[in-house]
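Chain by chain, the residues run as shown.
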Amino acid sequence: MSRKEVVLCGASAYNRKFYLNQDFRGLPDQIKNELKIMCVLFTEDIGGILQLVFDADGELVLRTSCDEGDLLYDDIGCGLKIKELQRTKGELMESLEMYYKVLYAGIEL
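Cut-offs used in this document
- Residues numbered from 1 in each chain as written.
- Predicted model: local features only at pLDDT ≥ 70, side-chain atom pairs only at ≥ 80, totals over all residues.
- Heavy atoms only, no water.
- Helix = DSSP H or I, 4+ residues; strand = E, 2+ residues; numbered from the N terminus.
- Rg over C-alpha atoms; globule rule 2.2 N^0.38 Å.
- Buried < 20%, exposed > 50% of the residue type's maximum accessible area, 1.4 Å probe, protein only.
- Areas by Shrake-Rupley, 256 points an atom, 1.4 Å probe, with all protein chains shown as cover.
- Lys, Arg positive; Asp, Glu negative; His and termini not counted.
- Charge placed at Lys NZ, Arg CZ, Asp CG, Glu CD.
- Phe/Tyr/Trp six-rings, centres within 6.5 Å; stacked < 30°, edge-to-face > 60°.
- Expected span 1.5 Å × (residues − 1).
- Contact = heavy atoms within 4.5 Å.
- Polar contact = N/O pair within 3.5 Å; in protein donor to acceptor, adjacent residues only side chain to side chain.
- Patch = residues over 30% accessible without salt bridge, like charges linked within 9 Å, V, L, I, M, F, W, Y side chains within 5 Å.
- Salt bridge = Lys/Arg side-chain N within 4 Å of Asp/Glu carboxyl O.

A.B. asks: Please explain the overall build of the chain as it appears in this structure.
C.D. replies: Scanning the chain from terminus to terminus reveals three helices and four strands. For the chain, the sequential pattern of α-helices and β-strands runs β-β-α-β-β-α-α. Here the C-alpha radius of gyration of the chain, 14 Å, is about what a compact globule of 109 residues would show, namely 13 Å. In terms of overall dimensions, the chain has C-alpha extents of about 45 × 30 × 25 Å along its principal axes. Looking at the chain as a whole, 39% of its 109 residues qualify as buried. If you sum the accessible surface of the chain, you get close to 7000 Å²; carbon and sulfur atoms cover 50% of it. Charge centroids of the chain, computed over 13 positive and 19 negative side chains, lie 5 Å from each other.

A.B. asks: Mind showing me how you'd approach the packing of aromatic side chains here?
C.D. replies: Summed over all chains, the structure comprises six aromatic pairs. Relative to Phe54, the ring of Phe24 lies with its centre 5.8 Å away and its plane at 40°, an arrangement referred to as tilted. With a gap of 30 residues between them, Phe24 in the loop between strand E2 (17-20) and helix H1 (29-46) and Phe54 in strand E3 (residues 49-54) connect regions that are remote in the sequence. Exposure class is identical for Phe24 and Phe54. Each is buried. With a centroid separation of 4.1 Å and 5° between ring planes, the pair formed by Phe54 and Tyr100 is classed as stacked. One end of the pair, Phe54, is in strand E3; the other, Tyr100, is in helix H3 (residues 90-105), and 46 residues separate them in sequence. Across this residue pair, the class does not change: Phe54 and Tyr100 are buried.

A.B. asks: Looking at this structure, I do not really get helix H2 (residues 75-88). What am I missing?
C.D. replies: Note: α-helices contain 3.6 residues per turn, so residues at a spacing of three or four share the same orientation. Here H2 spans 20 Å end to end across 14 residues, near enough to the 20 Å set by a 1.5 Å rise per residue. In this fold, the buried residues of H2 make contact with H1, E3, strand E4 (60-65) and H3.

A.B. asks: Help me out: how do you make sense of the environment of Tyr14 in this one?
C.D. replies: On the secondary structure map, Tyr14 appears in the loop between strand E1 (6-12) and E2. Relative accessible area serves as the criterion here: at 33%, Tyr14 is assigned to the partly exposed category. Leave out the neighbours within four places in its chain, and Tyr14 touches Gly48, Ile49, Cys66, Asp67 and Asp70. There is a polar contact of 2.8 Å between the side chain of Tyr14 and the backbone nitrogen of Asp67.

A.B. asks: Can you walk me through unusual backbone geometry in this structure?
C.D. replies: Excluding glycine, residues mostly have negative phi values, and the peptide bonds linking residues are mostly trans. In the Ramachandran plot, Arg16 falls in the positive-phi region, its phi being about 55° despite a non-glycine side chain. On the secondary structure map, Arg16 appears in the loop between E1 and E2.

A.B. asks: Quick question: what am I supposed to make of a nonpolar patch on the surface here?
C.D. replies: A cluster of nonpolar side chains, namely Met98, Val102, Leu103 and Tyr104, defines an oily patch on the protein surface of about 400 Å² accessible area. Of note, Val102 is situated in helix H3.

Honestly, that's just the spatial picture; any functional story needs more than this.
Spelled out as structure tokens, the structure:
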């Protein structure tokens, strides 16, 4: 059985919206709020779009993109901010990976 990527959540500086995949609406409100704050603050600081995506192996990947010609997108700050989030939110991300692997992907730990 091949697995595909699954978007957990994301935010866009362009339409100023946050998206949470409805498959994950069962997450505790505190976690959902933390994800929303993290994504929205990222796009406010850096611009563009941030998505948190579970890859085929169940690993949580932070994916960014921007519209072509977006001069306000901070490409250098993006890499630094991603590293900062991985450091400061590492425990949250590891917990989300375990949650996804066990409940959704059927990956044995």
